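Coordinate analysis (summary)
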Amino acid sequence: MKISILCFDLSSNAFGRAGLLAQALSGAYDVEIIGTSRRGGVWTPMEQIKIPVKKFTWSRYPSFNAIKKNILNAIDGDIILASKLMPTSFGIGLQKKRTSGKPLVVDIDDWELGFFYHSGFWGRVGRFLNFSNPNGLPYVLAMERMVCHADAVSVSNRFLQKKFGGVLLPHCRDTTILDPLKFNPDQIKEKMGFKDKKVVMFLGTPRSHKGLDDLLMAIKKIDNPNLNLAIIGVKNREEFLKRVDQSIRGRVVVLSPTPFNKLPELLSAADIIAIPQRQTSDSVGQIPARLFDAMAMAKPILTTRVSDIPEVLDGCGYLVNPNEPSQLADAIQYILTHYDEALVQGRAARERCKRMYDMSNLESSLKEIIERVAVRKDLK
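Calculation notes
- Residues numbered from 1 in each chain as written.
- Predicted model: local features only at pLDDT ≥ 70, side-chain atom pairs only at ≥ 80, totals over all residues.
- Heavy atoms only, no water.
- Buried < 20%, exposed > 50% of the residue type's maximum accessible area, 1.4 Å probe, protein only.
- Helix = DSSP H or I, 4+ residues; strand = E, 2+ residues; numbered from the N terminus.
- Pairing = 2+ DSSP bridges.
- Axes fitted to C-alpha atoms, helices over the stretch in contact; angles between N-to-C directions.
- Parallel < 35°, antiparallel > 145°, perpendicular 65-115°, else oblique.
- Contact = heavy atoms within 4.5 Å.
- Nonpolar A, V, L, I, M, F, W, Y, C, P; charged D, E, K, R; others polar.

Attention now moves to the pairing of strand S2 (residues 30-37). Within S2, seven of the eight residues are buried, which leaves it mostly tucked inside the rest of the structure. Two strands pair when backbone bridges link them, and strand S1 (residues 2-7) and S2 are joined in this way by six bridges, in the parallel orientation. Across the sheet, the residue bridging to Ile5 is Ile33, located in S2. As judged from the five bridges shared by S2 and strand S3 (residues 53-57), these two strands associate in the parallel manner. In the sheet register, Ile33 faces S3, and the bridge partner there is Val53.

Quick look at the structure:
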């Protein structure tokens, strides 16, 4: 049986969840990934993926009509799995279902409307009138009303489960690859220029709701020349550093997005992994995937009380209130002065990840969904 996974934008971090689902299914099924690419390439961390990818150019309407037709023709799986409630994934999947009868599963890992709502009233008005964008607000609004037409629904967190129903499938990680015992942190620190330094690490695209500005303010409050902040995932390093306060610029190291196969080595150099999510409409409907990377690598985790984060960690990390740089600063200093305790927390986080958030859990849960849909549609 073949599964066609639809990704709404292969050049963005949306490929992260779509690729994760594809990898989880690839052991049991023939899998392909199909999607548009707004920036022309694929998201850097997923460049090494070994699953076949069919990539299509992104364009605005009316040009997108021809592209959509080509995507529909390219979907040849027995079951369609649309990643995210977006028109260029779920919307195209719905259209293929109507014309072919193929069953459609939708996986929802973000509240897409939350990204639109943060822009305020007039921003929403402007976005609503953006009819030329295939993934514009009016079309995304329509997607939420069409969830009932999917044959099965999965979600990444409880906010989305309450809103859309479905099976809870948190982000998971391969804990045999993300294994701290495979790396020597001191050697890697020295290679990265962090010898005899303490490293707080932030991983991910530096969008406002991810709280990087709060973390930078926290670092500024800590008078410790041996404390460095390493930021992984910034495309334009020089432009980003220009916006960093001059007083701490020498303690901030910025690295470009890195392929997932290089990630464990970089994470091993961290003394603390910080995930300072803000409480916004962008963040309430998501759970940061990098939380599971940090757990798998047994790192002391400093994060905020947002979404399902407290439940996922269940005491195996350090929590502060969102949008509070002073609390972040105090927590960083506490962790560094109680580091034996922090290491115990990190090891407990890894054990929890192995038990509840290992890739094997996602594989079995996804397979159960696919098999249930296949039996219902008589595909077995």
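Now that the structure is up, let's keep going.
Running from amino to carboxyl end, helix H14 (residues 325-337) crosses helix H15 (residues 339-356) at an angle of 95°, the nearest separation of the two axes being 5 Å. Between H14 and H15, the angle is such that the two are roughly perpendicular. For the pair H14 and H15, the contacting residues are Tyr334, Ile335, Leu336 and Thr337 in the first and Tyr339, Glu341 and Ala342 in the second. The residue makeup of the contact of H14 with H15, split by class, is five nonpolar, one polar and one charged.

Take the packing of helix H1 (residues 14-25) against helix H16 (residues 359-376) next. Following both chains from N to C, one finds H1 and H16 inclined at 80°, their axes separated by 8 Å at the closest point. Taken as axis vectors, H1 and H16 run roughly perpendicular relative to one another. In this structure, H1 uses Leu20, Leu21, Gln23, Ala24 and Leu25 to contact H16, whose residues at the interface are Met359, Leu362, Glu363, Leu366 and Ile370. For the contact of H1 with H16, the residue count by class is eight nonpolar, one polar and one charged.

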